[in-house]
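# Examining the three-dimensional arrangement
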Amino acid sequence: MQIKEKFAQKKLTLSFEVFPPKQQGSLEALPEKIKTLARLEPDFISVTCGAGGSTKDQTLEVSRMVAQNGATSLTHLTCVNSTKEKIAAAMQEMKAAGIENVLALRGDIPQGMSEEDATRGGYKHADELTAVLKQEGFCVGGACYPEGHPESANRIEDIELLKKKVDAGADFLTTQMFFDNDMLYSFLYRLEAAGIHLPVLAGIMPITAVTQIPKMIKLSNAFIPRKLLAICDRFGDSPAALRQAGIAYATDQIIDLISNGIRGVHIYTMNKPEIAQAILENVRDIIGACNK
């Protein structure tokens, strides 16, 4: 089923994200994790790929696992460090696997490689990849950054580049993680002003280890609110306490987002289905009430 059809059927969607292991071939633990996530009945499960498309083959394999467990998959596809021929072959592989939904990404430039070298012979930006995927009949999602892409000169340029993805045919947008809901609300106002009216799924990352924070800031350009910093400072030496506090913080974010009319919640599970399950238990009735 194409994800855009779900937006026509439901007022609020819930989705999860998983990633293939960095080690090629190390998929032993994932089937059970995916089975657990699928039992939670998300609207879809998003499957990432490594930097520079380094886990492309495993991304497809994990997407098949998602389908085998009766869930809809959203397969990530990057155009960096690839060619148009390789992208065409990847699309045919996805079609053969029954995949209908793709998140179109440029992807991270591999370390030690220039952007020019990483995109030579292929597509330079996600909007070009989006257009090709739409031509092939896929439902296409795009990534967005509420606090601006780290490579954007400013927020005006960031919205202009995002508009190119939308004009190329993107069906919905999924945000990078953020920890201050006001940042998202400000971003949504800017989208409206730019004429972007697609469903926007709010990407929520439950913080369960203080070591996650520097990486999250680098990936998403995210501002860390004082409240979350205090939680990490107070409970950083107690994994169980920080896990509980991180789930509570993420739950508060989600309840506020739903109360303010967000179209979808996308949880970055970090391959920990127990975290997703704990959050869902906190908001299950709230989500159910929205979709009556």
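Look up: the structure comes first, before these words.
Residues numbered from 1 in each chain as written. Predicted model: local features only at pLDDT ≥ 70, side-chain atom pairs only at ≥ 80, totals over all residues. Heavy atoms only, no water.

## Brief notes about unusual backbone geometry
Note the threshold: Strands are runs of DSSP state E lasting at least 2 residues, helices are runs of H or I lasting at least 4, and numbering of each runs from the N terminus. With a 1.4 Å probe rolled over the protein chains alone, any residue whose accessible area is under 20% of its type maximum counts as buried; one over 50% counts as exposed, and the rest are partly exposed.
In this model, E41 sits at a positive phi of 60 degrees, which is unusual for a non-glycine residue. One can find E41 in the loop between α2 (30-39) and β2 (44-47). Looking at E41, the relative accessible area reads 67%, which means it is exposed.

## Description of the environment of D180
This is how the line gets drawn: Any pair of residues with heavy atoms lying within 4.5 Å of one another is described as a contacting pair. Here a polar contact is taken to be a pair of N or O atoms separated by no more than 3.5 Å, where protein atoms must pair a possible hydrogen donor with a possible acceptor and residues adjacent in sequence count only if both atoms sit in side chains.
The residue D180 is located in the loop between β6 (172-175) and α8 (181-193) in this model. Taking the relative accessible area as the measure of exposure, D180 reaches 18% and is therefore buried. A C-alpha to C-alpha distance of 19 Å links D180 and V283, two positions 103 residues apart in sequence. Residues in contact with D180, not counting those within four places in the same chain, are F223, P225 and Q253. Reaching out from D180, the side chain makes a polar contact with the backbone nitrogen of D182 at a distance of 3.0 Å.

## Description of the pattern of salt bridges
Once the charged atoms of two side chains with opposite charge are near each other, the side chains can pair. Applicable threshold: What counts as a salt bridge is simple: a side-chain nitrogen of Lys or Arg found within 4 Å of a carboxyl oxygen of Asp or Glu.
The full count for this structure, using the stated rule, is six salt bridges. In this structure, R106 engages E151 in a salt bridge whose closest nitrogen and oxygen atoms are separated by 3.0 Å. Linking R106 in the loop between β4 (101-105) and α5 (115-119) with E151 in the loop between β5 (139-144) and α7 (155-167), this pair joins segments that are 45 residues apart in sequence. Looking at E151, the relative accessible area reads 52%, which means it is exposed. Residues K163 and D167 are paired through a salt bridge, measuring 3.0 Å at the closest nitrogen-oxygen approach.

## Some details on the pairing of β4
One face of the sheet, then the other: side chains in a regular strand alternate in exactly this way. Note the cut-off: Consider the strands pointing away from the viewer: the crossover is right-handed when the path from the first strand over the helix to the second runs clockwise. When DSSP locates at least two bridges between a pair of strands, those strands are taken to pair.
Most of β4 sits out of view: five of its five residues are buried. Of the two faces of β4, the one holding N101, L103 and L105 and the one holding V102 and A104 are both buried throughout. Chirality of the crossover, the property in question, places the unit of strand β3 (residues 73-78), helix α4 (residues 84-96) and β4 among those that are right-handed. Relative to β5, β4 is paired through four bridges, and the arrangement is parallel. Looking at the pairing, N101 lines up with C139 of β5.

## A few points about the nonpolar core
Our working definition: Residue types Ala, Val, Leu, Ile, Met, Phe, Trp, Tyr and Cys, when buried and joined through side-chain atoms within 4.5 Å, form a set referred to as a nonpolar core.
Counting 45 residues, the largest nonpolar core has L191, I254, L257, I262 and V265 as the members making the most contacts within it. Here the element with the most residues in this core is helix α12 (residues 273-290); it accounts for seven residues. Setting aside residues up to four positions removed in sequence, L257 forms contacts with F178, N181, L184, Y185, A202, I204 and I262. The next biggest cluster of nonpolar side chains, apart from the first, holds 16 residues, and it includes A104, L133, F138 and V140.

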